[in-house]
Amino acid sequence: MYPPSRKDFISLTLSDQHSQNYNNGKHRRQSCWRKWKQLSRLQRSLILFLLALLLILGLLSYSSITEHWRGLSDQEDWLDLNDRELKAIPPGVKPVLGQAAGKAPAPVGGPHLRLTVVPDAAGEARGPNIPILVKPPVKKKIFANKRGPPSLQRDANVSDTVGREKQEQVVQEEEGEEEEKQKKIVSWRGAMIEADQATEPPPSANEKEAAVPPAPANPADTVPLEVSPETRERLEAVCDAFRHAWKGYKDYAWGHDELKPISKSFGEWFGLGLTLIDALDTMWIMGLKEEFAEAKTWVEKDLSFNKNVDVNLFETTIRILGGLLSTYHLTGDQLFLEKAKDIGSRLMPAFKTPSKIPFSDVNIGKGTAHPPRWTSDSTLAEVTSIQLEFRELSRLTQDPQYQEAVNEVMTLVHKLPGKHDGLVPMFINTNNGQFTHKGVFTLGARADSYYEYLLKQWVQGGKTEDNLLEDYLEAIEGVKKHLVRQTGPSKLTFVGELSHNRFNPKMDHLVCFLPGTLALGAHNGLPGDHMDLAVQLMETCHQMYKQMETGLSPEIAHFSLQASDGSDVIVKPADRHNLLRPETVESLFYMYRFTKDAKYRDWGWDMLQSFNKYTKVSGGGYTSINNVRDPLSPGPRDKMESFFLGETLKYFYLLFSDDMELLSLDKYVFNTEAHPLPIWPSPPK
């Protein structure tokens, strides 16, 4: 074997004033390359594998650290919201109650707290399960991330909390830079949505400036809040009631309109999943994440309005259109807005009448509309209680046709002769646009929500539409003048009916919406005697429950005007049924929000216990009953109306919640099916 030949090198350094120093770096690199080439293929593969493994581990570690400090939501997010990035709050920030459910189950059957950062004023925990959104920044990168349903007011109603100010500043600055890089935009109260998902329309000819739709609250990071044992018990009871009702619906009526809990079957009205859609926002508010997720999946995959079916314009608007719009606002999920636009456009043929007073029925598949078979009249409440929903649809879509159609109805009714001190008849003709069946005035069925929507449209539109306010104030004066009376035995104040100048001491349970509506008006600056009447009527509605043997109100009550009579409330045999209606608990919610009088909560608690005792079905669901006067045999009717989940249980939950910012009545207006819609921002003066 020959030894390797030796090569000698002579190193010369040649330089001048312009040259650079030579450091032999090139030869070092060549030497390293020669050593690498001398390694076997296996050795080189192992080295490359180890380097790749170290690189992957480094990236994973970096990602974990970034997620920890930036609060990015992980794969445990309970709801897929059409590719939106749900953003959690960094650790170390004090909790503020939130609406959506979180990861960690709270002991109150669904209520959870939101971790949040509040700008310029520190947040304070208020009560379980409150939706909170952030207040929008004004040309700043630093913003809050107050999660939950958005509001439309500029300033957050929060109190200072000691020790949060420095934490907020740091987190706000970090999040502001991050969001700037990710090209986010901020909704009314700072809820984050992707820039390419923004749907804020510019103002239409007849509208205020449209608000940016909110992004969903991230339910991932929550912590339980200490609440009083009483509040905990009551909220837990409401959530349990909802879960029990939902179990029956899911097991026996999934995707159908109504549950028949006794026969363990379903009833179909329109075939559009009324109960499911009516309950969407209730589940979101209660934080029932699993139930909401499965319902959303059904809406996405199975809900179709392309059906050859006649639907009632009013019921479809308040339950389906209202429910979809409300859920869209609470979650920010475009799915619900797209479905709302679909059903809204399919309802528009109802307005193609000679008078512009809409027909009662629409075939949403064929695009045709017609009145009921027996008459050419429409019910006044039905044609004047669809405005909140269609106005909001126009605001979101920048399509004025919806608002123009319903505004024209209100304009026509405003000018019509045949009113009686602001009170209106129950029917209106779709051909000539005139009142029919004149001389009969009631705040019950077929007229009730006309009065409710006069006030609520005025509130929704920023208190600028004077005709609506004028009609409402005149109507309340007419109610006080012609319909309000007191019972003989206990001096209970009630609202009766007028038929061709004859007073009838009959009051539907539906009329129990009125205390809440009167209180809402007084809260918005209307005369103080409206609140006085609200307090009196609330007591009467409570007595309609308390004086019944089951603790549940009849559908219709008559009142004794004679002092010699032993009872204030008289119930005829045909009126003894209870349909699980929400009007009384709805008004209790308003009364408690505005007065903070705990008796209204106590009354509601008694009502909930009676519902559980006499209407709960063991296999799942609740049923309406035939006889509220017979606790031994109340007679189940085998039907659970969709509004039990959409309204009754929702109002119970809101009544018992400690947080006044949970769907604040300064930021939301509820439609007549208890679906909250945002109050529009006031126009600049």
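Residues numbered from 1 in each chain as written. Predicted model: local features only at pLDDT ≥ 70, side-chain atom pairs only at ≥ 80, totals over all residues. Heavy atoms only, no water.

Labelled according to an unreviewed UniProt entry, the chain appears under the name alpha-1,2-Mannosidase, originating from Neolamprologus brichardi. The UniProt entry for the chain carries this comment under Sequence similarities (unreviewed entry): "Belongs to the glycosyl hydrolase 47 family." (UniProt positions renumbered as here; feature names shortened; annotations may be inferred.)

Chemist: I'm lost on the layout of surface pockets in this one. Help?
Modeler: Roughly 1100 Å³ of internal volume is contained in the largest pocket. In this structure, the largest pocket is lined by 41 residues; those nearest its centre are Trp-269, Asn-312, Phe-314, Glu-315 and Glu-382. When residues of the lining of the largest pocket are traced back to their parent elements, those giving at least two are strand 7 (310-312), helix 7 (313-331), strand 10 (377-379), helix 9 (380-383), helix 12 (448-460), helix 16 (583-595) and helix 18 (643-656). Residue contributions to the lining of the largest pocket peak at 4 residues, all from helix 7. Here the residues of the lining of the largest pocket are counted per class, giving 15 nonpolar, 8 polar and 18 charged. (1 Å grid on protein atoms, 1.4 Å probe; cavity = no way out; pocket = protein on both sides within 12 Å on 5 of 7 lines; lining within 4 Å. Points joined across faces, edges and corners; volume = space filled by probe spheres on them. Helix = DSSP H or I, 4+ residues; strand = E, 2+ residues; numbered from the N terminus. Nonpolar A, V, L, I, M, F, W, Y, C, P; charged D, E, K, R; others polar.)

Chemist: Please explain a nonpolar patch on the surface as it appears in this structure.
Modeler: A cluster of nonpolar side chains, contributed by Ile-47, Leu-48, Phe-49, Leu-50, Leu-51, Leu-53, Leu-54, Ile-56, Leu-57 and Leu-60, occupies part of the molecular surface with about 970 Å² of accessible area. Structurally, the position occupied by Leu-54 is in helix 2 (residues 41-70). (Patch = residues over 30% accessible without salt bridge, like charges linked within 9 Å, V, L, I, M, F, W, Y side chains within 5 Å. Areas by Shrake-Rupley, 256 points an atom, 1.4 Å probe, with all protein chains shown as cover. Salt bridge = Lys/Arg side-chain N within 4 Å of Asp/Glu carboxyl O.)

Chemist: Hey, could you run me through the sheet that holds strand 11 (residues 427-429) in this one?
Modeler: Whenever strands of a sheet pair, they do so through backbone hydrogen bonds, lying parallel or antiparallel. If you trace the 3 strands from one edge of the open sheet to the other, you get 10-11-12, paired in antiparallel fashion. The open sheet is flanked by strand 10 and strand 12 (435-436), the only strands paired with a single partner. (Pairing = 2+ DSSP bridges.)

Chemist: I keep staring at the environment of Ser-228 and nothing clicks. Help me out?
Modeler: By the secondary structure assignment, Ser-228 is in the loop between strand 4 (192-194) and helix 4 (229-252). Classification of Ser-228 by relative accessible area gives partly exposed; the value is 34%. Taking C-alpha positions, Ser-228 is 9.7 Å from Asp-658, a pair spaced 430 residues apart along the chain. Within the local environment of Ser-228, its side chain forms a polar contact with the side chain of Thr-231, the two groups lying 2.9 Å apart. (Buried < 20%, exposed > 50% of the residue type's maximum accessible area, 1.4 Å probe, protein only. Polar contact = N/O pair within 3.5 Å; in protein donor to acceptor, adjacent residues only side chain to side chain.)

Chemist: Explanation requested: the pattern of salt bridges in the structure shown.
Modeler: A side chain with one charge can pair with a side chain of the opposite charge if their charged atoms come near. Following the criterion strictly, the structure yields 25 salt bridges and no others. Close ionic contact of Arg-629 with Glu-549 constitutes a salt bridge, the shortest N to O distance being 3.0 Å. With Arg-629 in the loop between helix 17 (598-614) and helix 18 and Glu-549 in the loop between helix 15 (528-546) and strand 19 (556-559), the pair connects residues that are 80 residues apart, well separated along the chain. Classification of Glu-549 by relative accessible area gives partly exposed; the value is 42%. Salt bridges sharing partners connect three or more residues here, namely Glu-230, Arg-234 and Asp-602.

Chemist: Explain the environment of Gly-566 here, please?
Modeler: Its place among the elements puts Gly-566 in the loop between strand 19 and strand 20 (569-570). Taking the relative accessible area as the measure of exposure, Gly-566 reaches 83% and is therefore exposed. For the pair formed by Gly-566 and Pro-489, sequence separation is 77 residues and the distance between their alpha carbons is 6.6 Å.

Chemist: Quick question: what am I supposed to make of the packing of aromatic side chains here?
Modeler: Aromatic ring pairs are described here by two measures, namely the spacing of the ring centres and the angle between the planes. Here the structure, examined in full by the defined rule, presents 23 aromatic pairs. Aromatic pair Phe-494 and Phe-559: ring centres 4.6 Å apart, planes at 15°, arrangement stacked. In this pair, Phe-494 is assigned in strand 15 (residues 493-495) and Phe-559 in strand 19, connecting sequence segments 65 residues apart. The class for Phe-494 is buried, based on a relative accessible area of 0%. Judged by its relative accessible area of 3%, Phe-559 is buried. When the centroid spacing of 6.1 Å and the interplanar angle of 65° are considered together, the rings of Phe-611 and Phe-644 count as edge-to-face. You can see Phe-611 sitting in helix 17 and its partner Phe-644 sitting in helix 18, a full 33 residues away along the chain. Cluster of aromatic residues (ring-pair linked, three or more members): Trp-605, Phe-611, Tyr-622, Phe-644, Phe-652 and Phe-656. (Phe/Tyr/Trp six-rings, centres within 6.5 Å; stacked < 30°, edge-to-face > 60°.)

Chemist: Explain the UniProt feature "binding site: Ca(2+)" (unreviewed entry) in the chain to me, please; I cannot follow it from the model alone.
Modeler: Sites flagged by UniProt as "binding site: Ca(2+)" (unreviewed entry) map to Thr-672. Position of Thr-672 relative to the elements: it lies in the loop between strand 21 (668-670) and strand 22 (676-678). With sequence-adjacent residues up to four places away left out, Thr-672 is seen in contact with Phe-314, Ile-318, Ser-449, Glu-452, Tyr-453 and Glu-647. A distance of 2.9 Å separates the side chain of Thr-672 from the side chain of Glu-452, its partner in a polar contact. (Contact = heavy atoms within 4.5 Å.)

Chemist: Help me understand the side chain of Arg-593, please; the structure alone is not making it clear to me.
Modeler: Mapped onto the fold, Arg-593 is located in helix 16. Within the buried core, Arg-593 has no salt-bridge partner, and the shortest N-O distance to an opposite charge, that of Asp-659, equals 6.5 Å. A distance of 3.4 Å separates a polar atom in the side chain of Arg-593 from the backbone oxygen of Leu-663. With near-sequence residues (within four places) excluded, Arg-593 lies in contact with Leu-654, Asp-659, Met-660, Leu-662, Leu-663, Ser-664 and Leu-665. (Lys, Arg positive; Asp, Glu negative; His and termini not counted.)

Chemist: I'm lost on the side chain of Ser-360 in this one. Help?
Modeler: Secondary-structure assignment places Ser-360 in the loop between helix 8 (334-347) and strand 8 (361-363). Given a relative accessible area of 6%, Ser-360 falls into the buried group. Those residues in contact with Ser-360 that lie beyond four places of it in its chain are Val-311, Asn-312, Leu-313, His-370, Pro-371, Pro-372, Ser-378 and Glu-382.

Chemist: Teacher, can you tell me more about helix 10 (residues 387-397) here?
Modeler: Since one α-helical turn is 3.6 residues long, residues separated by three or four positions face the same way. Across the 11 residues that make up helix 10, a large majority, 10, are buried. Looking only at helix 10, the buried set comprises Gln-387, Leu-388, Glu-389, Phe-390, Arg-391, Glu-392, Leu-393, Ser-394, Arg-395 and Leu-396. Just beyond helix 10, the residue with positive phi is Gln-398, at close to 60°.

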